[in-house]
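Each chain is listed here by its residues.
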Amino acid sequence: MAPMFEPASLIMPGFRFGVHDPSEAERLVKAGVAGFCLYGGTAMETANFIIRLNKVAARPLLFAADFENGAGSQVSDAVELVSNLGIGVSADTDLARLKGEITAEQARCLGISMVLAPVVDLSLRADNPIVSIRSFGAKAEQVTSMAKAFIDGIHSRDVAVCLKHFPGHGDTKPDSHLDLAHLLRPLKKVMAEDILPYKRLCHAAEAVMTGHLVLETADKAPATLSRFWTHETLRKALAFDGLIITDALMMGAMLKHFSEDETVKRAVTAGADILLYPKDPWSAIKTLKTLLHAKETDVRSLEASAKRVLAARKKVRPLAAFDQQKFKEMESAHFDSALRLAKECAAWVSKPMEPKIKTAKILYHELVDEKPHVQDLTAILAVPQERRLSAGAKRRALEMTSLMHDQGGGSFLRHLLSGAGLDLIPFGRKMSADPDLSVIVSYHKPRAFSGKIGFSAKDERFIEKAVQANSRSPFLIISFGDPYHLMGLPAKVPALCLFSGSLASQTSLVDFLRGKLKIKNRF
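Let me begin by describing the structure that accompanies this report. These numbers come from a predicted model, not from an experiment.

Calculation rules
- Residues numbered from 1 in each chain as written.
- Predicted model: local features only at pLDDT ≥ 70, side-chain atom pairs only at ≥ 80, totals over all residues.
- Heavy atoms only, no water.
- Helix = DSSP H or I, 4+ residues; strand = E, 2+ residues; numbered from the N terminus.
- Buried < 20%, exposed > 50% of the residue type's maximum accessible area, 1.4 Å probe, protein only.
- Contact = heavy atoms within 4.5 Å.
- Areas by Shrake-Rupley, 256 points an atom, 1.4 Å probe, with all protein chains shown as cover.
- Arc of directions from axis to C-beta.
- Polar contact = N/O pair within 3.5 Å; in protein donor to acceptor, adjacent residues only side chain to side chain.
- Phe/Tyr/Trp six-rings, centres within 6.5 Å; stacked < 30°, edge-to-face > 60°.
- Lys NZ or Arg CZ within 6 Å of the ring centre and 35° of its normal.
- Pairing = 2+ DSSP bridges.
- Axes fitted to C-alpha atoms, helices over the stretch in contact; angles between N-to-C directions.
- Parallel < 35°, antiparallel > 145°, perpendicular 65-115°, else oblique.
- Left-handed = near helix turned anticlockwise from the far one by under 90°.
- Salt bridge = Lys/Arg side-chain N within 4 Å of Asp/Glu carboxyl O.
- Lys, Arg positive; Asp, Glu negative; His and termini not counted.

A few words now on the overall build of the chain. Within the chain one finds 17 helices and 18 strands. Here the chain holds 523 residues, and the buried ones make up 61% of them. Contacts in the chain between residues at least 24 apart in sequence constitute 78% of all its contacts with a sequence separation of at least 6. Of the accessible surface of the chain, which amounts to about 21100 Å², a share of 52% is contributed by carbon and sulfur atoms.

In this section: the environment of arginine 522. Its place among the elements puts arginine 522 in strand E18 (residues 521-522). Expressed as a C-alpha distance, the spacing of arginine 522 and cysteine 345, which sit 177 residues apart in the sequence, is 9.7 Å. Not counting residues within four places of it along the chain, the set of residues in contact with arginine 522 comprises Val89, Ala347, Trp348, Ser350, Lys351 and Pro352.

The set of residues buried in helix H8 (residues 227-237) consists of Trp229, Thr230, Thr233, Leu234 and Arg235. For H8, the arc enclosing every buried residue in end-on projection is 165°, short of the 170-degree limit, so these residues lie on one face. In H8, the exposed positions angled more than 90 degrees off the buried face are occupied by Lys236 and Ala237. Looking at where H8 begins, the residue whose side-chain oxygen comes 3.2 Å from the main-chain nitrogen of phenylalanine 228 is serine 226. Note on H8: the residue one or two positions beyond its end, alanine 239, has a positive phi of about 55°.

Glancing now at the packing of aromatic side chains. If you walk through the whole model with that rule in mind, you get 17 aromatic pairs. With 6.2 Å between their ring centres and 55° between their planes, phenylalanine 427 and phenylalanine 475 make a pair best called tilted. One end of the pair, phenylalanine 427, is in the loop between strand E14 (423-426) and strand E15 (437-442); the other, phenylalanine 475, is in strand E16 (residues 475-479), with 48 residues separating them in the sequence. Taking relative accessible area as the criterion, phenylalanine 427 reaches 18% and is therefore assigned buried. Judged by its relative accessible area of 8%, phenylalanine 475 falls in the buried class. Here the aromatic cluster, defined as three or more aromatic residues joined through ring pairs, consists of Phe15, Phe17, Phe36, Phe49 and Phe63. Note that arginine 16 overlies the ring of tyrosine 39, its terminal NZ or CZ placed 4.2 Å from the centroid.

This part takes up the pairing of E15. Taking burial as the measure, the 6 residues of E15 include 6 buried ones, the bulk of the element. Burial along E15 is two-sided: the residues Leu437, Val439 and Val441 and Ser438, Ile440 and Ser442 are all buried. Pairing analysis gives 6 bridges linking strand E13 (residues 361-367) to E15, with the strands arranged parallel. The partner of isoleucine 362 across the bridge, within E15, is leucine 437. Note that E15 and E16 share 5 bridges and pair parallel. Within E16, the position partnered with serine 442 by the bridge is serine 479.

On to unusual backbone geometry. The bulk of non-glycine residues show a negative phi, and the bulk of peptide bonds are trans. Geometrically, the link from lysine 164 to histidine 165 is a cis peptide bond, its omega value of 5° lying close to zero. Residue phenylalanine 166 is joined to proline 167 through a cis peptide bond whose omega torsion reads 5°. Within the secondary structure layout, proline 167 lies in the loop between strand E6 (160-166) and strand E7 (181-182). One non-glycine residue, alanine 239, adopts positive backbone phi at about 55°. Within the secondary structure, alanine 239 sits in the loop between H8 and strand E10 (243-246).

For the rest of this paragraph, the subject is the sheet that holds E18. Taken in spatial order, the 7 strands make up an open sheet running E14-E13-E15-E16-E17-E12-E18, and their pairing is mixed. Edge positions in the open sheet fall to E14 and E18, since each of these has one partner strand only. Sitting on the sheet, helix H17 (residues 503-513) is in contact with strand E12 (347-348), E13, E15, E16 and strand E17 (495-497), with an inclination near 165° to E16.

For the pair helix H10 (residues 260-270) and helix H11 (residues 281-292), the least separation of the axes is 9 Å and the interaxial angle reads 55°. Considered as vectors, H10 and H11 are oriented oblique to each other. For the pair H10 and H11, the sense of crossing is right-handed. Contacts between H10 and H11 involve Glu260, Asp261, Val264, Lys265 and Val268 from the former and Ser283, Ala284, Thr287, Leu288 and Leu291 from the latter.

Glancing now at the pattern of salt bridges. Oppositely charged side chains are able to pair whenever their charged atoms sit close together. Overall, the coordinates contain 27 salt bridges when judged by the stated rule. Among the salt bridges present, the one from lysine 220 reaches glutamate 216, with a minimum N-O distance of 3.9 Å. In this structure, a network of salt bridges that share partners links the residues Asp66, Glu68, Arg134 and Lys164.

By the element assignment, lysine 99 lies in helix H4 (residues 93-110). For the buried residue lysine 99, which engages in no salt bridge, the nearest side chain bearing the opposite charge is glutamate 68, 7.5 Å off. Within the structure, lysine 99 has its side chain in polar contact with the side chain of asparagine 84 (distance 2.7 Å). Aside from chain neighbours lying at most four places away, what touches lysine 99 is Glu68, Asn69, Leu81, Val82, Ser83, Asn84, Ile87, Phe150 and Leu341.

Relative to the helices and strands, alanine 333 resides in helix H13 (residues 324-345). Residue class for alanine 333 comes out partly exposed when judged on its relative accessible area of 43%. As for alanine 333 and isoleucine 102, which are separated by 231 residues in sequence, their C-alpha atoms are 9.8 Å apart.

Here it is, written out as C-alpha cells:
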C-alpha cells in the first residue's frame, strides 16, 4: 500500500541568506519539505522570504531559527540579548521569562514559528568549545528552572520551542560541528542529571533536538542515529509526544563518519521526525523515497512522524505582511529591555573593582579569536545624545581601529567609549603619565566550527606582560563572552564578564566605566 504522506515532509533544509538560492527553496517547497531553518539576513529579507515561500506552499511551512539570544543571534538588524549563562548567574527567573518574551515577539514579527531554543545542556567543562555561555549553568535544577521561565515567556507570545541537545552536550570536549562528541560521564549520572531538564520540561515543549553525541556505555551510535536515545529513552521512557528533530545533518560529526544516505536512513529508523539541514536535501528526499519501498521499513513509524509534522504545521499562523517601521519601533523598545538584562546579568569572575577615572585616559587592547560579532544598530535605534560622537571622538575611534588586531571588528565599542569621553590609548604607546585604567577586552565565546575557546598561549603571554608593565595603575580584564577563560588569570587582577558581545552589553560596560552601574553578581 502506498504511504499516505510525502517523504519530503520529514525534511527541514537550511537556508542561509546570501548563500542559498530562493528559487531553489521554492522548488523544495513544491517537493513537499516541512519548512526551513533560517540563518543570517535582515529582518526585511527574512520576512519577505517567509511570505514568498508560504505563497507557493500547499499548507503553512515551519520556519525555525537559532534565536538562542533573541533574533539578533541571526538577524543583523534585530536586537541581541544576553546569553543564557548570564541569565543563570543572575538567578532571576523573571529575567529568563523576559528574554523569552522578547525572543518570541521578534520571531512572531518576522514569521518564525519555532525558536530552536532553549539550550538545556549543563555547562560542565571550561574547555567545552560549543556550550559555555549557551547554557544556563552547571546544575540541572538551575538549568531546568531558568529554561522553564524562558519557555513560559516564549509561549506567552504563541511561538514554539525546541529543547536541545538531547541527551546533553555539557560534558564533551569536541565541537560536534567538526566531529563526533563523546560524553565523558557515566550513564547513571547522565540519566540523573543531564536528562533532568528534558524529563521536567519536554511535555511543555513542541520539539526536542537530538545531539551528535556518543555515550558508548549506552550505544556506540550518536544520539541522532540511536534508537536507544531517540525512541527508547525520549519517546518511551520520557513519554515525549512532540517533534523529535535532529541537529543539523551537515555538521562534521555526521559527514565525517556516515554517508548522507546512511544518516537519513538511520535517523528516521531511530525515531527522528524531522531531518534538519541535510547537506543535499534532494538526495535526502530520494533516500526517504527509496526507504519507504524497502521491505524492512516500518512505514507506520514514518507515517506517525509525518502526522506529527503535519499537526505542527496546522498550528502555524502564516505571516501576511511585514511592517518595517513597526519592527524598528519594537526593536527600539526591546533594546531598553536588552540593556536591563545586560546590566543585571554582568558578573565579576575575580576581584571586583570600582572605576575611579578622573582624566579618563584608558590603556586599551582587544583580544579576539576571530572577528567578533558586535552589533551597530544605530540605523534602527535612537542613540542617546550623550552617546553621539563628535568628529574628534570618531577620528580617535577610527584611529584606534587601525591599531587593533581585529581590523575593526570591535570598532563600535571603541566608538561608544570614545563618545563617552574616554580617551583610548593602545598598549605599547609611550605616555607622559600613568593611565587612569588599563583595560584588556576579550571576545572569546563559543563559535560553531571553531573547535576551540579561550585564550591562546600568545594571549596569556600578552596579559602577563601587560599586567607587569602597568602595575602602578588599576587593571581590568573584560570578557564579552565566555567567563571560564578568565578564571586562570592572577587573582589580583579584576575580571568582569558581560556574557555577550551585544550592543546592550557594550553599552553596559560604558556605563560601568563612567560610574553609572554597580555590578554585584559573582560568577
